[in-house]
Amino acid sequence: MTALTQTACRDAECGLFALAEGARVEAVKMKVIAQPPPLDPAAGATSDTLFDEFVEDDTPLYQARRKIYPQRVNGTYRRIKWAVLFVTLGIYYLTPFLRWDRGPNSPGQAVLIDLPNRRFYFFFIEIWPQEIYYLTGLLILAAMTLFLMNALAGRVWCGYLCPQTVWTDLFQTIERWTEGDRREHLLRDRGGWTAERVGRAATKHFLWLIIAWWTGGAWVLYFADAPTLVRDLATLHAPFVAYLWIGILTFTTYALAGWMREQVCLYMCPWPRIQAALTDEYALNVTYRYDRGEPRASVKKSAALLAQGLPAGDCIDCLQCLHVCPTGVDIRDGPDLGCIQCGLCIDACDAVMAKVGRPARLIAYDTDINIKHRQEGTAPIYHFVRLRTALYVVIITMVCGIMTFALATRNAQSISVLHDRNPVFVRLSDGAVRNAYTVRIANKRSERREFTLSISGLAGSLLDVVQTREDGRFVVDVGPDQTREVRALVTDYALAPPPSTSVTFHLYDVVTGERASAGDYFRGTGE
Amino acid sequence: MANDHTHVDSVTGTTTTGHEWDGIRELNTPLPRWWLWLFYLTIIWAVGYWVVYPAWPLISSFTQGAFGWHSRDAVVTDLKELTSLRAPMTEKLAATALPDIKANQDLADFTYAQGRAAFRENCGACHGAGGGGAKGYPNLNDNDWLWGGTIEQIEQTITFGIRSGHAKARESQMPAFGKDNILKSNEIISVANYVRSIAGLSTRTGVDLKAGAKIFADNCAVCHGPEGKGNRELGAPNLTDGIWLFGSDEATIIDVIANARGGVMPAWTGRLDPVTIKALAYYVHSLGGGEK
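Residues numbered from 1 in each chain as written. Chains lettered and ligands numbered in written order. Predicted model: local features only at pLDDT ≥ 70, side-chain atom pairs only at ≥ 80, totals over all residues.

(A) Summary view of the overall build of chain A. On a plain count of helices and strands, chain A comes out with 19 helices and 15 strands. Taking all 527 residues of chain A together, the buried fraction comes to 28%. Long-range contacts, defined here as pairs at least 24 residues apart, represent 70% of the contacts in chain A between residues at least 6 apart. (Helix = DSSP H or I, 4+ residues; strand = E, 2+ residues; numbered from the N terminus. Buried ≥ 20, exposed ≤ 12 C-beta atoms within 10 Å, placed from the backbone. Contact = placed C-beta atoms within 7 Å.)

If you want it as structure tokens, here you go:
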């Protein structure tokens, strides 16, 4: 045993630590991000001897996942995580049941992705497929918000908001509830498969599957009228695809939150890599304040060291920060790819510091710059407003502004025109030249409307709409929330049209006078 | 290099793979084992795929797969499904008389779409994807019709064809005035120039148009009419308008008079069902030149 572990063994969880030591060694081997330089020469030497042992062994090509038994913890960040968990899961599970009255011809569900009819409803907003650019805006907003969060306080997304984190957190809570907290669970796993253990595991997996199934069930409710679908699902009348998606999401939720957990963050998710490239020296990160904590020593030993006039840090090396970590990271090793920055180690450390009568926040949201400042005796600095964050805020504000403006000023009708490609123009028997266009008129209101068409830009021309020839008024009626395609013929009687002329098609609502227009070209013979 | 394999990176404590590029070494970070299992799983999946689906080419055939699944059958199934989906509208179309289709907007839109699809598949080869026609193949977008442009006449033409050999086909034959020695060369030249003159086109200087007019009255007017306005009963084109099936230059007209023309269109009855022909007639009529 190394000096490091010997000191740790004097602590409460000594028996368990021997078990966890293997895991720690694995953690050291896995490390891919540079650690802060060793602060204690003795500790550094210990590490080197550890590494030397591996030189003789071949590093395996593949390694088994080491099971993590995160310990229950209470504190500020745990409370924040609970709040976020309830709010986000509440939104996810309950939103499909919110109602929103849009009149008789439209669905009454507040948030609905209507794939068969190609519509997306979000409260008072209705999006058509051709307005998919709003999604682009949302994606830009999402990316910029993510970047801004990262620039301000590191992996806020990973630690609190990511679905992987939220569901894993929920599943781990159930695990602690059924199979016991860290210590109890560890001891039980070391023992044989008793009836009690089987029962507890079965209960856990049953509860996991229920939640996973509910997750998939909520998912499909976004794609159909929720109360109707719930009834259909219960009476086995729902479409097969609904059951299929519930099955898929039940499986993924169960597998990712129950079994994969931190493996998703470590191996599958690109965000840890991206955020590592995005972060800067002023971004707050969950940080072990090694300026205060080192050199580590147990309470008794540090008292002894201080009595001898030797330095002793606040860290008592109790490993509580490691034991509560959902990804099995030792925060004291410095920034780590596996650290999702959920802040649970802060809560764990604060509790210990309170017990031993030392100031809280030995682990805290902090920066390396501030640690250095404190070491040098200067005041810590916080730069929340800097070029990056300001730029993100400006972009977010701009995109929000553009989207709001576009939404507020968009038309309830639209026209799109497609020129015939074969033939490009037609010569009529009297010598006139005619062009044909496919015109699509969209009525985005939930009532039937009548539109009339006209054309400008070509003197001496006549517009004819094949579908309205009978009444001769060019009145096209379009059903509620629908589009209609008509064939428009433009005939030039000037007899000498140039090769190409710009023309504009105008659409008018016969009743309200609302307009829309679209440009195209009139192709002449070029003679 | 062998020595490098045992190198340990001092910063991370990880062994390196032994690969070195200009002093940069690759860390040997082990992959998770579940990843390896997934890799094996994909291999097993692939083997299962060979068994379940047609996969391996043999000398004259291929492995059929355990359940007899074929992509061709899947297409047939999909098409059947589509046909049954359209069945209510197809039945409505079958039961509606051609001139009445317009009155029902849904039916009209359905018929137009069906007609457009069928046109591109069956008619586009000669008439062009949009019915723009080509030399010898009429443009169906204009308002000049050889055999009539009402929706019923169009339906008849599609159903039985032109000179198709079908008993009810539209029949007529222009005589080959030159090849069969009915007219002499100079007579053909003068009547050709006369035809250009009645269409408002320039004529060759020195040609006797009056002689041409007489030849026209004696030989051509019986089908093309005394004024050259054509006769739809016989599919004789109007020679006075701006639309020419083969071309309006003198050489082309002389060639037509000397050797005769008579385009052939197949009869579509028997190849296409009556409902499709109905949709085609509606579509062609809607292209722009349809007559009442």
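More follows now that the structure is in view.
(B) Summary view of the nonpolar core. Within the largest apolar cluster, 40 residues are counted, with the highest numbers of intra-cluster contacts made by Cys321, Ile331, Leu344, Cys345, Ala348, Cys349 and Ile363 of chain A. Listing elements by their share of this core, those giving two or more residues are helix H6 (156–161), helix H7 (163–179), helix H9 (195–221), helix H11 (240–260), helix H12 (262–268), strand E5 (285–288), helix H16 (320–324) and helix H17 (344–356) of chain A. Ranked by the residues each element gives to this core, the list is headed by H17 of chain A, at six residues. Per-domain counts for this core show at least three residues from each of domain 1 (3–43 + 276–376) and domain 2 (76–270) of chain A. Beyond its immediate chain neighbours, meaning those up to four positions away, Cys349 of chain A contacts Gln320, Cys321, Leu362 and Ile363 of chain A. Leu93, Phe110, Ala118 and Leu140 of chain B belong to the second-largest nonpolar core, a separate cluster that totals 22 residues. (Core = buried A, V, L, I, M, F, W, Y, C linked by C-beta atoms within 7 Å. Domains from an automatic or database assignment.)

(C) Main features of the packing of helix H6 (residues 151–160) of chain B against helix H10 (residues 274–286) of chain B. Residue and element names in this part refer to chain B. The interhelical angle for the contact between H6 and H10, taken along N-to-C directions, is 130 degrees, at an axis separation of 9 Å. It follows from the interaxial angle that H6 and H10 lie oblique. Helix-helix and strand crossings are classified by hand; for H6 and H10 the assignment is right-handed. Contacts between H6 and H10 involve Ile151, Ile154, Glu155, Ile158 and Thr159 from the first element and Ile277, Lys278, Leu280, Ala281, Tyr282, Val284 and His285 from the second. A class-by-class count of the residues in the contact of H6 with H10 yields eight nonpolar, two polar and two charged. (Axes fitted to C-alpha atoms, helices over the stretch in contact; angles between N-to-C directions. Parallel < 35°, antiparallel > 145°, perpendicular 65-115°, else oblique. Left-handed = near helix turned anticlockwise from the far one by under 90°. Nonpolar A, V, L, I, M, F, W, Y, C, P; charged D, E, K, R; others polar.)

(D) Seen up close, unusual backbone geometry. The residue after Glu294 of chain A, namely Pro295 of chain A, is reached through a cis peptide bond having omega -5 degrees. Following the sequence through the fold, Pro295 of chain A ends up in the loop between helix H14 (290–293) and helix H15 (299–307). That bond from Asn422 of chain A to Pro423 of chain A is cis: its omega, -5 degrees, falls within 30 degrees of zero. By the element assignment, Pro423 of chain A lies in the loop between strand E7 (413–419) and strand E8 (426–427). Even without being glycine, Gln341 of chain A reaches a positive phi, approximately 55 degrees. Structurally, Gln341 of chain A can be placed in the loop between H16 and H17. You can call Gln341 of chain A buried: it has 27 C-beta atoms within 10 Å. Residues other than glycine seldom take positive phi values, yet Arg163 of chain B does so here, at roughly 45 degrees. Tracing the sequence through the fold places Arg163 of chain B in the loop between H6 and helix H7 (185–198).

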